[in-house]
Every structure is written in structure tokens, then in C-alpha cells.
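Structural overview for review
Single-letter residue listing:
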Amino acid sequence: MKVKTILVSQPEPKIENSPYFDLQEKQKVKIDFRPFIHVEGVPAKDIRQQKVDLNNYTAIILTSRNSVDHFFRVAEEMRFKVPDTMKYFCQSEAVAFYLQKYVVYRKRKIYVGKRSFEDLSPLIKKYKDENFLLPTTDKLKDEVPATLNALGIKWKEAIFYRTVISDLSDLADVYYDILVFFSPSGIESLFHNFPDFKQNNTRIAAFGSTTCKAVEEHGLRCDIPAPTPDTPSMTMALEKYIEKVNKAK
């Protein structure tokens, strides 16, 4: 069956040169964007109940843009002036770059991993005498605390934001040829909103092994897995699939 419509379970890209827009133009398909999950900040009073006093920490571990936003939001709510001496350990260059929204980059002590959380380990270990705070989500990957515990450092995890299922009830009677997911939470949201969902002829694209696994655990087919050696991005995987099925007679 040919592909004409795609629903991506994320917010619409804000950049004009997004590969999704190129895909839409090149393959003559309609692509809609709708976040199946969204992030809500935890109020400062609830963070205090987690026994978090920002004065006690000399280093912050930041794993995502959300962790950056919500750390500084909470600091403001608590009327805590983040000292110039604070050290920032960022999981990736993208997170470190985003940090510039809140701090003057060249005047701060910022340490950057390559991509995975494990890449940060040597940098954190080098500063093992610091007192680390990990502002995080309620959906933290198991590898993060395991890695930090193995380093033998003084650290605390605190939930600064939560992943919340979005209301998708207005999509009840809307059909798409492909649904695109990027996390198990997206699949959870699909079945929370539509408990009787049947895949039928809908194709499912899933990014990452844990997402593919969640698709299959819910009795669905993962028709378009990514990344693969041939298709390292979701848009490349979609394009390859669309070219194949839309040219078939």
C-alpha cells in the first residue's frame, strides 16, 4: 500500500531546513506532527520535599535540553543565584550549546561528553571531589545511576520534570499510513488514548531498539526500524520505505 500521510509523534521542527520538510516535498507525502507525550515541570516545593538544597551542590549533570531548562527554572523559583563557580557536565555538544541560553559560555566551567552518558564518565571521575546534582525526569534510563554509582562519587538524583501523556482524543477518527515513534512512552500514550487500537494497514516506524521492543510487546509490527547501517536517521528510513512501496505496482 502506498504512503500518502505520516504522523510524527513529536513537535513540529522549528527550523526551516528540517529533513522532514525535504522528505515531504521530495516524496509528495503529507507529514503532520503531534507530540504524544510532553514534559511538565515539578514545582520547587515538591523538589524541596526530595531533600534538595541547591546550595549543597558544586556540579550539575545535564543530560538533555529539558534538564537545562528545568534546572534554571527551579533555581529561579527557589531564588537561588547559581554561582559562577558551578561546574556543568553536559552529555553532548547539543546540550552544552543549549546551556548558552542561560550562562555566558566562555566564563563557565563546562565539560562535554561525546554522545552517550558513559562518555561523560572520565570527565566526572576527574572531578570526583565535587558534589553532583542530577536534575532529571521520572523516566531516567537505568544506565545513568548505574554509571554514577560505579564512579564512587557523591551525587543526588532529583526529579525536576515529568513525562506526561498528551490528550490525543481529537485524532480518534483520523487515519495515517505511517505512525512514527521515538520512545516507548509514545507507544504507551497511543494505547492510553486508544486502548482498542488495531494496526491493520497502518505502518509503524520506530527509532531505537527500546522503541521497537515496545512496539512488539504491544502486539504491533515494527515496519520501519531505525537507525540501521543503511538508514542512520528516521527520515532516511522513511524515505527508503516510501520509495520502495510508492513505486511498486
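The structure we're discussing is the one just above.
Residues numbered from 1 in each chain as written. Predicted model: local features only at pLDDT ≥ 70, side-chain atom pairs only at ≥ 80, totals over all residues. Heavy atoms only, no water.

1. A short note on the layout of surface pockets
Let me state the cut-off plainly: Grid points spaced at 1 Å over the protein atoms alone were grouped into cavities, where a 1.4 Å probe fits but cannot get out, and pockets, open sets with protein on both sides within 12 Å along at least five of seven lines, with lining residues defined by an atom within 4 Å of a point. Grid points are joined across faces, edges and corners, and a volume is the space filled by probe spheres set on the points. Residue polarity is assigned by list, with Asp, Glu, Lys and Arg as charged and Ala, Val, Leu, Ile, Met, Phe, Trp, Tyr, Cys and Pro as nonpolar; anything else, Gly included, falls into the polar class.
Roughly 300 Å³ of internal volume is contained in the second largest pocket. Contributing to the lining of the second largest pocket are 18 residues, with Leu 171, Ala 172, Val 174, Tyr 175 and Phe 197 lying nearest its centre. Across the lining of the second largest pocket, the residue classes tally to 11 nonpolar, 4 polar and 3 charged.

2. Section: the pairing of strand β8 (residues 154–165)
Where a strand is regular, its side chains alternate between the two sheet faces. To be explicit about the condition: A pair of strands is labelled paired if DSSP reports no fewer than 2 bridges between them. Helix and strand assignments follow DSSP, with helices taken as H or I runs no shorter than four residues and strands as E runs no shorter than two, numbered in order from the N terminus.
Inspection of the sheet shows strand β3 (residues 37–41) paired to β8 by 5 bridges, in the antiparallel sense. Of the residues in β8, the one forming a bridge with Gly 41 is Tyr 161. Examined bridge by bridge, strand β7 (residues 131–137) and β8 share 7 bridges and lie parallel to one another. If you follow Leu 133 over to β8, its bridge partner there is Lys 156.

3. Structural notes on the sheet that holds β7
Convention followed: To get an axis, fit a line to the C-alpha atoms, keeping to the stretch in contact for a helix; angles then go from 0 to 180 degrees between the N-to-C directions. In what follows, residue pairs with any heavy atoms lying within 4.5 Å of each other are defined as contacts.
On the basis of which strands lie adjacent, the open sheet formed by 6 strands has the order β3-β8-β7-β4-β5-β6 and mixed pairing. Two strands lie at the open edges of the sheet, namely β3 and β6 (109–112), each paired on one side alone. Along the sheet, successive strands turn relative to each other by an average axial angle of 25 degrees, direction set aside. In the packing of helix α6 (residues 143–151) onto the sheet, the strands contacted are β4 (59–62), β7 and β8, and the crossing angle to β8 comes to about 175 degrees. The strands touched by helix α7 (residues 184–193) within the sheet are β3 and β8, with β8 carrying the most contacts at an inclination of about 35 degrees.

4. Things to note about the packing of helix α1 (residues 19–27) against helix α9 (residues 234–247)
Two quantities define a packed helix pair, namely the angle between the helix axes and the distance between the axes. Threshold: Angle categories: roughly parallel below 35 degrees, roughly antiparallel above 145, roughly perpendicular from 65 to 115, and oblique for all the rest.
The geometry of α1 relative to α9 is characterised by a closest axis approach of 10 Å and an angle of 10 degrees between their N-to-C directions. Considering their axes alone, α1 and α9 lie roughly parallel with respect to each other. Contacts from Pro 19, Tyr 20, Leu 23, Lys 26 and Gln 27 in α1 reach Met 234, Thr 235, Leu 238, Glu 239, Ile 242 and Glu 243 in α9. Of the residues in the contact of α1 with α9, the class split is 6 nonpolar, 2 polar and 3 charged.

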